[in-house]
Amino acid sequence: MVHSKYLLSFVITLAAIQSIHAVDYVVTNTATNTTGGSRFNNEIGFTYTKQTLTNATGFIWKIFRQRTTADRKNVSKVSLFIDDMDGVAYADNNEIHLSARYIGSYSSDLKREIAGVLFHEMTHIWQWNGNGQTPGGLIEGIADFVRLKSGYVPSHWVQPGKGDRWDQGYDVTARFLDYLNGLRNGFVADLNKKMRTGYSANYFVDLLGKTVDQLWSDYKAKYGK
C-alpha cells in the first residue's frame, strides 16, 4: 500500500512537471482554396507540421541551453496560420504566419524548406530581444543560426566569410555567429541570455574580449573576404 502511494505520488509529480513543459501547437489553414493551401494539406500536412514545431522548440531550447522553465519565455501555446499572403513567413505575439503563396510556388523539396522556415520562425518565439533594443539584423541572424545548426540550409545561402556588415542579418549574420560560436562554445546561448533584459554591443567584449567590429574583421580575414 505504501509503495502504491509513493508510485501514485511520483506519477502525479511527473505529470505536473510534463504539464509545465508542455506547449500546445495549433495549426490552421486559412487558405484552403488556394494552390498553396491545397498543397500544404496534401504535401506537408498537419501532423508533420505539429511535429516539426515540437522538434524545433526542443532544438532551440538546446541551442540556447535553456534547461529549465525559468530560463525560457513563458509560452504555453503557439499558433501557426497558413495564410494567403506575400512573402515567406513572420512571427508575432506567439503566432507564426506562413505564406500559402510561397508554398504554392516552391519548386524544390517543399517539406524540408518549410521545416527550415519553421525552425527560423520558432526561434523568434523563444529568443530574447533585449526588450526591443537588439538590432534587427542580429535577431534575424540568430534565427538563421538555429536553422543553420538544424541542417535545414537552403542552397542559396551565402558561404562563410561573405557579407558587408556583421549585422546584415539572416544567413550573413548566421555564418558570423557560427564563427563566434566556434571561438566560444555556447556563445550564441550566452548572448541570448544577456539579451533577456536589454542589449549592448559590449556583450561581445564581455564574452569574447573584442569588439564586434574587431571580430568581424577577424572573420573576414580568416576567409580572405
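In case you missed it, the structure is sitting above this.
The structure contained in this document is the topic of the report that follows. The structure presented is a predicted model; accordingly, all values stated were derived computationally and were not measured.

Observations regarding the packing of aromatic side chains
Overall, the coordinates contain 14 aromatic pairs when judged by the stated rule. Ring plane angle 90° and centroid distance 5.5 Å describe the contact between F40 and F46, whose orientation is recorded as edge-to-face. A relative accessible area of 0% means that F40 is categorised as buried. Geometrically, the ring pair formed by F119 and Y152 is tilted, given 5.3 Å between the ring centres and 55° between the ring planes. Taken as a pair, F119 in helix α5 (residues 110-126) and Y152 in the loop between α6 (136-150) and α7 (170-183) lie far apart in primary sequence, 33 residues in all. Residue class for F119 comes out buried when judged on its relative accessible area of 6%. Given a relative accessible area of 24%, Y152 falls into the partly exposed group. By way of ring pairs, the aromatic residues F176, Y179, W216, Y219 and Y223 are connected into one cluster. Between the NZ or CZ atom of R72 and the centre of the ring of W61, over which it lies, the distance is 3.6 Å. Seen from the ring of Y48, K111 lies directly overhead, with NZ or CZ sitting 4.3 Å from the centre.

Quick notes on the layout of surface pockets
The gaps of empty space that remain are located by a probe, the size of a water molecule, rolled over the atoms. Reported here for the largest pocket is a volume of approximately 290 Å³. Along the wall of the largest pocket there are 18 residues; nearest its centre are V88, H120, D144, R147 and Y170. Elements that contribute at least two residues to the lining of the largest pocket include exactly β3 (89-92), α5, α6 and α7. Broken down by element, the lining of the largest pocket gets its largest block of residues, five residues, from α5. Classifying every residue of the lining of the largest pocket gives nine nonpolar, three polar and six charged. Counted as a void, the second largest pocket has a volume near 170 Å³. Considering the residues around the second largest pocket, the lining is formed by F64, R65, Q66, D71, W128, A189, D190, N192, K193 and R196.

What counts, and where the lines are drawn
Residues numbered from 1 in each chain as written. Predicted model: local features only at pLDDT ≥ 70, side-chain atom pairs only at ≥ 80, totals over all residues. Heavy atoms only, no water. Phe/Tyr/Trp six-rings, centres within 6.5 Å; stacked < 30°, edge-to-face > 60°. Buried < 20%, exposed > 50% of the residue type's maximum accessible area, 1.4 Å probe, protein only. Helix = DSSP H or I, 4+ residues; strand = E, 2+ residues; numbered from the N terminus. Lys NZ or Arg CZ within 6 Å of the ring centre and 35° of its normal. 1 Å grid on protein atoms, 1.4 Å probe; cavity = no way out; pocket = protein on both sides within 12 Å on 5 of 7 lines; lining within 4 Å. Points joined across faces, edges and corners; volume = space filled by probe spheres on them. Nonpolar A, V, L, I, M, F, W, Y, C, P; charged D, E, K, R; others polar.

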